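Spelled out, the chains give:
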Amino acid sequence: MADAVAKAAERARAALRPGGILARAVPGFQPRAPQQVMAGSVAEVIEDVPSALLIEAATGVGKTYAYLVPALLSERRVLISTGTKTLQDQLFAKDLPMVCEALGRHPRVALLKGRSNYLCHYRLEAAAGDAAGRGRQFATLESLRRLARTSATGDLTQADILAEDAPLWPQVTSTVDNCLGGECPRVNDCFVVRARRRAQEAEVIVVNHHLLLADMALKEEGFGDLLPDVDAVIVDEAHQLPEIAGAFFGLAVGTRAVRELGRDVLREMERDAPEMVDLRDRVSALQAAIAALLHCSEAWPARASWAEVADASGVLPALSGLDQALGEMEEALTLVADRSPGLEQARVRCVTLRARLRAWLEESPETVPWVERFKQSLMLHRTPLDAAQPLAQRRAARPASWIFTSATLAVGDDFSHAARRLGLPGDVRAERLDSPFDFSRQACLALPAQPLPNPNTPGYTRACIDWAWPLLTGNPGGGFFLFTSHRALREAAALLRDRLPPGRLLLVQGEQPRAELLARFRGSGEAWLLGAHSFWEGVDIRGDTLSIVIIDRLPFAAPNDPVLQARAASIEAGGGSPFMEFQLPQAVLALKQGVGRLIRDANDAGILALCDPRLTQKPYGRQFLRSLPRFHETRDPEQALEFLRTARQGRGGAVCA
């Protein structure tokens, strides 16, 4: 066994060395020692079933090739999970075919997404039959019908017909709740069924974390198991998994799902039970119950613990009214459910939504009840205090090799926080690979010479802009200004609009879709993009287009977050320190993600500007700085700009005083 493991590791490393298979077959491939180390480690774990590996691969290591090569050479059945659908598409369409071709390995591969990404024939025809559908949406619906006839996959995310937040999207796709399953008249044409079938037959399956966590086998969606038949599971961007797991292993019920139920009931009634006017009354009662709940919650914050709002006037009667309206809808649907699969499915949805609502109202010491208020909807959540246990249980039930990788898993050299949150044992094998990029020559860390005011003071954002002003105006390329709150982002946007030169493009998160903002940023070459959480990770922009990253505050989670508060209380009750055991490690990993936007290539040069005075004033600030690459440092923005100019000229030896 040991000999087989060693041979597998050596074969994987050899493929990535200078003169190896990839260097000969892939144009522009640059062999890197850390990548070879990672490939060997992954190969060892894949051969040693069951086993687990935590591996932090910093920017530039090339972790995608480092796990694809040993996975393909192993000739085992492998499931790869990515953090986002964008990365999933890139892996499947670009990286995986390239490595397969280079290695001369051509396994059956499958791309699998959640069902809401696939066009549903049944629901599309129902939407096209609506009066509204025959109006202003006619052209869009015709494009979707053409896609349904011609597409091999029905993947809406790749069709460029609808925006993912378009109101029509949920009307032409299905969910676990509203799918008719085997009763659907179009089941033989179903894109979801076809995708699941391809995955069942594949040797390499590419999914995203949301699918991985659907009981880690898609079992909850009624299409059987995937993972019991795989030999290895590779989780890329593994730092995202615990938070996504909290949502999957929790409970949620919201007014949007109830509203969509009412819309679907009317649609099914008009087609199969037009004389049942009582159903229309039941839908009106359902809409009135939703309106009552939204009315009594309109003053609630965006996120709040249930304890904060439970005593609000009228909320308990409103929830009771919603429960009653669902019950009456169920009774009315029972009378006509045998007329069509759609009416029967609507009845089942009533039962399911009512059960979720009642389960949410029940006391559960292992979960955190909280609410999320949007402009026109309300979500009720119950999130597990800790998703580690269900993660560990599901992994143990499926013996395989598990590889968890990301650019941000360790705090310094310590993996204990990530291991604990992922439900891994404390002695799990863990490795950290530093970036091969020369940060001392490519990047400069700029800190204020005199600490800025306390981040909680009213004038803090203005002080950040004043200190960083030379960077904001003197940078010949583009930059990101990253914020930990939308309030600070909006304040900075207002200040910069008054001060930035007219020729400097200012792009602000929330004013345009994310994809459009990034496209405009790339196209400009010298824009400033102001972003909050969604721009801290998952953005890969190389060259001078992104040569400065300014971060306003250390990214500690909001102290009033209801789930954080409950987890902190739980840690404290157990005799631990919430700050040291949870809040600080989480913030360190989040900062590493933001910093990772800066240097993406061996030819990049840039400036990282960290405004937060706690980096130098608080003892824990050293933990943040020790977790970053070894930048050159300066306390003078002008010197940082001089460093950048020198580094860009490629003379080397650039030094920040």
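To start, this report covers the structure provided alongside it. Along each chain, residues carry numbers from 1 onward, in the same order as the chain's sequence is written. Owing to the predicted nature of the model, reporting of local features is limited to residues with pLDDT of at least 70; listing and counting of side-chain atom pairs is limited to 80 or more, with chain, interface and lining totals taken over all residues. With hydrogens and water set aside, each side-chain value is computed from the structure's full complement of heavy atoms.

## A short note on the overall build of the protein chain
Short version of the rule: To qualify as a helix, a DSSP run of H or I must reach at least 4 residues; to qualify as a strand, a run of E must reach at least 2; elements of each kind are numbered from the N terminus. Here's how the labels work: a residue is buried when its accessible area is under 20% of the maximum for its type, exposed when over 50%, partly exposed in between, all with a 1.4 Å probe on protein chains only. For this analysis, residues touch if any pair of their heavy atoms sits within 4.5 Å. Shrake-Rupley sampling with a 1.4 Å probe provides the accessible areas, and residues are treated as covered by the protein chains on show and by no other component. Asp and Glu count as negative and Lys and Arg as positive, but His and the ends of the chain are not part of the count. Charge positions come from single atoms, namely NZ of Lys, CZ of Arg, CG of Asp or CD of Glu.
The number of helices and strands found in the protein chain is 27 helices and 18 strands. Overall size of the protein chain, expressed as C-alpha extent along the three principal axes, is 80 × 60 × 55 Å. Evaluated residue by residue, the protein chain yields a buried proportion of 54% over its 657 residues. Put simply, of all contacts in the protein chain between residues at least 6 apart along the chain, 75% involve residues at least 24 apart. On the protein chain, roughly 28,300 Å² of surface is accessible, and the fraction owed to carbon and sulfur atoms is 51%. The protein chain carries 76 positive and 79 negative side-chain charges, and their two centres are separated by 3 Å.

## Points about the sheet that holds strand S16 (residues 548-551)
Put simply, the rule is: Strands qualify as paired when DSSP identifies two bridges or more between them. Each axis is a line fitted through C-alpha atoms, and for a helix only the stretch in contact is used; angles between axes span 0 to 180 degrees, taken between their N-to-C directions.
Ordered by their spatial adjacency, seven strands build an open sheet running S14-S15-S13-S16-S17-S12-S18, and the pairing between neighbours is parallel. The outermost strands of the open sheet, each flanked by one partner alone, are strand S14 (506-508) and strand S18 (632-634). For this sheet, the mean angle separating the axes of adjacent strands, direction not counted, is 20°. For strand S13 (residues 479-482) and strand S15 (residues 528-531), the ladder comprises four bridges, and the chain directions are parallel. For Phe480, the partnering residue across the bridge sits in S15 and is Leu529. Against the sheet, helix H22 (residues 514-524) makes contact with S13, S14 and S15, and its axis sits at roughly 160° relative to S14, the strand it touches most.

## As for the sheet that holds strand S8 (residues 367-373)
Within the open sheet, the four strands sit side by side as S6-S9-S8-S7. Their pairing is antiparallel. Strands at the two margins of the open sheet, each flanked by one partner only, are strand S6 (251-254) and strand S7 (303-305). For this sheet the average axis-to-axis angle between neighbouring strands, irrespective of direction, equals 20°. Across three bridges, the pairing between S7 and S8 is antiparallel. Residue pairing in the sheet places Arg303 in a bridge with Glu372 of S8. Sitting on the sheet, helix H16 (residues 341-361) touches S6, S8 and strand S9 (378-384), and the angle it makes with S6 is about 120°.

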